Amino acid sequence: MDRFSSNRFDHLIAAFLAMEPAHCLISLAQESGGGSITNEVQSFLWEHCISKLVVNSNAASHLYIKNFIKKVIVAVESSGHDLLDVFYEQYAYYMASFKDDNLLKGNTRVYKSISFLFPDGHSENQSCPRPAKVVIPLKCSVNMLEGDTGCSIWPSSLFLSEFILSYPEIFSDKFCFEVGSGVGLVGISLTYVNASKVILSDGDLSSLANLKHNLELNQSRTGTEVSESTLQDVNLVETKYLKWESASVADLQDCNPDIVLGADVMYDPLCVPHLIRVLTILLARKEYKPHRWMENCCNGTLRNGHINDENNYGDGGSLNFNRSRTCEHTPKNNNNVYKFDSHRCKTCRCNGLNKKHNDSSRGYCTSSGEASCYDASVCKSAYDGSKDGGPIAYIATVIRNPDTFDCFLRLTTQAGLSVVDITEMWKPLNLLPYMISYDRSSIRLLSVRFIWRGFEGCSLAQKREKMGEEKEIEVIHSWSAPRSLSTSLMYSFAQRDDMEVLDEPLYAHFLRVTGVARPYREEVLSKMDSDGNKVVKEVIFGPGTKRYRYCKHMSKQYIPGLNSDLMKKGKHFILIRNPLDILPSFDKVVPPSFLELGLASLVAIYSELCELGTPPPVIDAADLQDDPETALRGLCEDLGIPFQASMLKWEAGPKPVDGVWAPWWYKSVHKSTCFTPKSGYPLTFPSQLYDLLEQSLPFYNMLRHHSRRTSSLLRSPLPPPSLPVPENEKLIAWVGDELMPRESAKVSVFDSVVQGGDAVWEGLRVYNGKVFKLDEHLDRLFDSAKALAFNNVPSREEVKEAIFSTLITNGMFDNAHIRLTLTRGKKVTSGMSPAFNLYGCTLIVLAEWKPPVYDNTGGITLVTATTRRNSPNNLDSKIHHNNLLNNILAKVEGNLAKADDAIMLDQDGYVSETNATNIFLVKKGHVLTPHADYCLPGITRATVMDLVVKENLVLVERRISLSEFHTADEVWTTGTMGELTPVVMIDGRVIGDGKVGPVTRRVQNAYKVLTAESGEPIPIYSKA
């Protein structure tokens, strides 16, 4: 007999082959040695564990052995015992030959064996002196060496496997379907209990390939199709690629399982809604048919292998799976497999669940010291869980995130699923007593059924139709840049009772195609479908149970090659935020860049949707902060959906709908419960991001122009005004040395025209493809600039080129007015001194569609202003400058008097001009106009004076008093913008007979002829 023959060594080798964490193995080794790792224990470890595993180990196994040996050395030396030399020698070999980082290069996997040890007395046949073992070898990923959860393999898979092996009657002769099968431990356990058919599914191709390997490792057959002739083949296990988020009824139409299983399937809140949908499809697929439960209960079997005896460590030290060998004391059926005793249910002496007792030391149910057992009626209730009966799901899970679990419960209720916690009712046998890292108390076992409420009297087809399995859903697309309150808005829409939400469903596609780095990249790619077109078809536009589906998208994730339906279908809107608010916190996860910010992509999306004839609503995040209800009501109105007050609040903390990336990006929003106004002043803007701000701000401003409500510090309560000429909304202006759209045509805050009105200007008109009096206006412009001592003035040719370029670009060849401005230019710092103007002059060409601004047919009214015209002693009016406050004050008086303009007197009380034009009067056939001592010697004034002479009228230029204008026969004004305009009333006095006089008409006609014939032609213009 083997000198190591005892349960304590059974546990030790089982733990080693399962690759339990090293500290757990040390504890078992010390327990086996009575408190310390004795020489006997060391010998056992070396002979039956280390030396045999070393022979056929891969790199990951070597790393495991190396770390374990190190722990053994430390433990033995700390206890004062002698250590066998072989441990030192093997560790020295590892230190000299291997480095940890080299051992784990590549996608290395490790082989381990999970031994399920059945306790004494598990059957009434007491002739078997040792507990039977079921050994399942597995190939696992390296991160399961010590386990992501502190256990050597996912604890829920262990628990569910124990449950299957403890209660084979539940699964015997049943069609079982596992979702998220992982390494296949649960599925392989099913092959031991006489399940009639097993389908194992996973949504990760690499995991699926490894799963198939493990099935082959356990000598189970695999298949991809099941025909009638193979349904009864108990060794056939089918594997299925199944992505929950894209699974449809069609994908599962051939699957009518009796039992659905899942272990740790609630690990990702983003996947919970998809998991619920898959469960609903599987559990509602067929009508319930009564099962021969008692017969099955009494004849459950373990299939596909033997139960090893206590010393069967196999060749090479692993407990190999071998059909040909069976414990000699084990009862056998005709198939040479281990069979549970048929009296198991009959010998139960507990009267209902309340009288069952837990043996906490063993972890399985006992009654009056007898074998583990349960009442047959309870067995039936485990399967028949509801009045309606039907398929059932068993889900084992560790509740790591209460919010995720609450979401699971809430969504199951909405889907018509009934969930019952059966953990205490159906505690499995403790088949893993050696696995110290395995905390069974943290695991809950849930039974899930579909309840056909409200479907009484319906056929299966009617039930499915009523369920809306293929119900189309209306998709709402939100497009934004990062850090734009997009997650808060997603939470807002998630509160609606008619809405399901998806958090960046195209993220994995974006990562795969672009290859960009993210700290969570691999996790996203493993948990989300990276086939963008498949996501568009099956996830974004897949069937749903709600009326609407809200898809939160980042604009940069819209990359070429995606299905055009993404833009053509659904309702889209764009969420924007000022880059000044985005950039200061952007680099917490990734370095900011123009592409990462995605504002250009937002503009492209806006443009594409406009081209499709569906211009999207644009909402500014600042509006959501300032007045969330108004902003949300407006957005809902634009989207054509009713507003719900529930959108205004949500609970704090992580959400089930959060993407994998939430821990990196959502920390702040998880603290929020609603949209809140900006608090205090903005953050200091990082100077290193200034260039990025300059690049991105124009794109934000362009989109903000189209927003439903524009946010600003000095927001006007007035609605946007209508333009006098609507066509001018889309004009293009020249600023500096380039053409810009209207909303982008701006000068620097450091420009002299802003700092002190330090600029000169001209007004020009375009008639019939020619610019009237162009050279005369340019002469005055350059004279004014010289008088003000401008430096670096553009040449006449450069100014003309800018004028013509502006007119041609806008297509303005007639009935247009040009406001030509030349500023002293931008300053290096604010201040009055021209010495700060070191950039050269700024040229502005503003061309507008503009007919004459006055009523040249019926005439206008004037009043006399108290504001006097500037004297040459103060500011010479012959300089056509932009500092027009003198004129503006007079215009204010005219507006208050409800007159069209105001007459301005000189310092001596004589008439000078109006606030905007020169002025003429006619008395007894003579035409008079004031001297240009105080007024501007206008180009149009000089032109009209020439015309008066050519018309053989007497022209007089002198000082004219106000009363002379009151008593004149006719009065008119002149100016480029208004041309020649009759005046019919001044200060309440009717001029002449109150109508346009004959001399005025005569000169108007002469002016019209002149403008039609003269002017500098616009290049490339040809009259149609």
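Residues numbered from 1 in each chain as written. Predicted model: local features only at pLDDT ≥ 70, side-chain atom pairs only at ≥ 80, totals over all residues. Heavy atoms only, no water.

Our next topic: unusual backbone geometry. A positive phi angle, near 55 degrees, is found at Met19, a position not held by glycine. Assignment of secondary structure puts Met19 in the loop between helix H1 (7–17) and helix H2 (22–32). Within the chain, Leu485 stands out as a residue other than glycine whose phi angle is a positive 65 degrees. Its location among the elements puts Leu485 in the loop between strand S13 (474–480) and helix H16 (486–494). Leu485 gets classed as buried once you look at its relative accessible area, which sits at 19%. (Helix = DSSP H or I, 4+ residues; strand = E, 2+ residues; numbered from the N terminus. Buried < 20%, exposed > 50% of the residue type's maximum accessible area, 1.4 Å probe, protein only.)

Moving on, we come to the nonpolar core. Grouped together as the largest cluster of nonpolar side chains are 82 residues, with contacts concentrated most on Ile114, Phe171, Tyr394 and Tyr434. The biggest single contributor to this core is helix H4 (residues 59–79), with 8 residues. Ignoring sequence-local partners within four residues, the contact set of Phe171 consists of Phe163, Ile164, Cys176, Leu190, Val193, Asn194, Ala195, Ile259, Leu261 and Tyr394. (Core = buried A, V, L, I, M, F, W, Y, C linked by side-chain atoms within 4.5 Å. Contact = heavy atoms within 4.5 Å.)

With that settled, consider the pattern of salt bridges. Summed over all chains, the structure comprises 28 salt bridges. Notably, a salt bridge pairs Lys800 with Glu1016, separated by 3.0 Å at the nearest N-O pair. Remark: Glu1016 occurs in strand S33 (residues 1016–1017) and Lys800 occurs in helix H30 (residues 796–810); sequence separation between them is 216 residues. Take Lys800: its relative accessible area is 15%, and that puts it in the buried class. Residue Glu1016 is classed as partly exposed on the basis of its relative accessible area of 22%. Put simply, Asp775, Asp779, Arg796, Lys800 and Glu1016 are held in one network by salt bridges that share partners. (Salt bridge = Lys/Arg side-chain N within 4 Å of Asp/Glu carboxyl O.)

Before going further, it helps to examine the side chain of Ser555. As for its position among the elements, Ser555 is in the loop between strand S15 (548–554) and helix H20 (565–568). In this structure, Ser555 is in contact with Trp479, Ser480, Gly598, Ser601, Leu602 and Ile605, ignoring residues within four places of it in sequence.

Looking now at the packing of helix H11 (residues 272–283) against helix H14 (residues 402–414). Interhelical geometry of H11 versus H14 gives an angle of 35 degrees and a closest axis separation of 10 Å. Every pair of crossing elements has a handedness; the one defined by H11 and H14 is right-handed. Residue-level inspection shows Val272, Pro273, Leu275, Ile276 and Leu279 of H11 in contact with H14, the latter providing Thr404, Cys407, Phe408, Leu411 and Thr412. (Axes fitted to C-alpha atoms, helices over the stretch in contact; angles between N-to-C directions. Left-handed = near helix turned anticlockwise from the far one by under 90°.)

This part takes up the packing of aromatic side chains. Aromatic ring pairs: the centre-centre distance and the angle between the two ring planes describe each pair. Inspection of every chain in the model, using the stated rule, returns 22 aromatic pairs. A ring pair is formed by Phe493 and Phe573, whose centres lie 6.4 Å apart and whose planes are at 20 degrees; its orientation type is stacked. Of this pair, Phe493 sits in helix H16 while Phe573 sits in strand S16 (residues 571–576), and the two are 80 residues apart along the sequence. In terms of burial, Phe493 and Phe573 fall into one category: buried. Each ring, one from Tyr550 and one from Phe573, has its centre 6.3 Å from the other, and the planes form 45 degrees; the classification is tilted. Pair noted here: Tyr550 is in strand S15 and Phe573 is in strand S16, with a separation of 23 residues, a long-range link. (Phe/Tyr/Trp six-rings, centres within 6.5 Å; stacked < 30°, edge-to-face > 60°.)

Sheet strands line up and pair through hydrogen bonds in the backbone, either parallel or antiparallel. Strand order in the open sheet formed by 5 strands is S14-S15-S13-S16-S17, and the pairing between neighbours is parallel. The strands lining the two open edges of the sheet, one partner per strand, are strand S14 (499–503) and strand S17 (618–620). Going from strand to strand, the sheet's axes swing by 25 degrees on average, the running direction of each strand aside. Where S14 and S15 come together, 5 bridges link them in parallel fashion. Along S15, the bridge assignment pairs Glu500 with Arg549. Against the sheet, helix H19 (residues 532–540) contacts S13, S14 and S15, and its axis sits at roughly 155 degrees relative to S15. (Pairing = 2+ DSSP bridges.)

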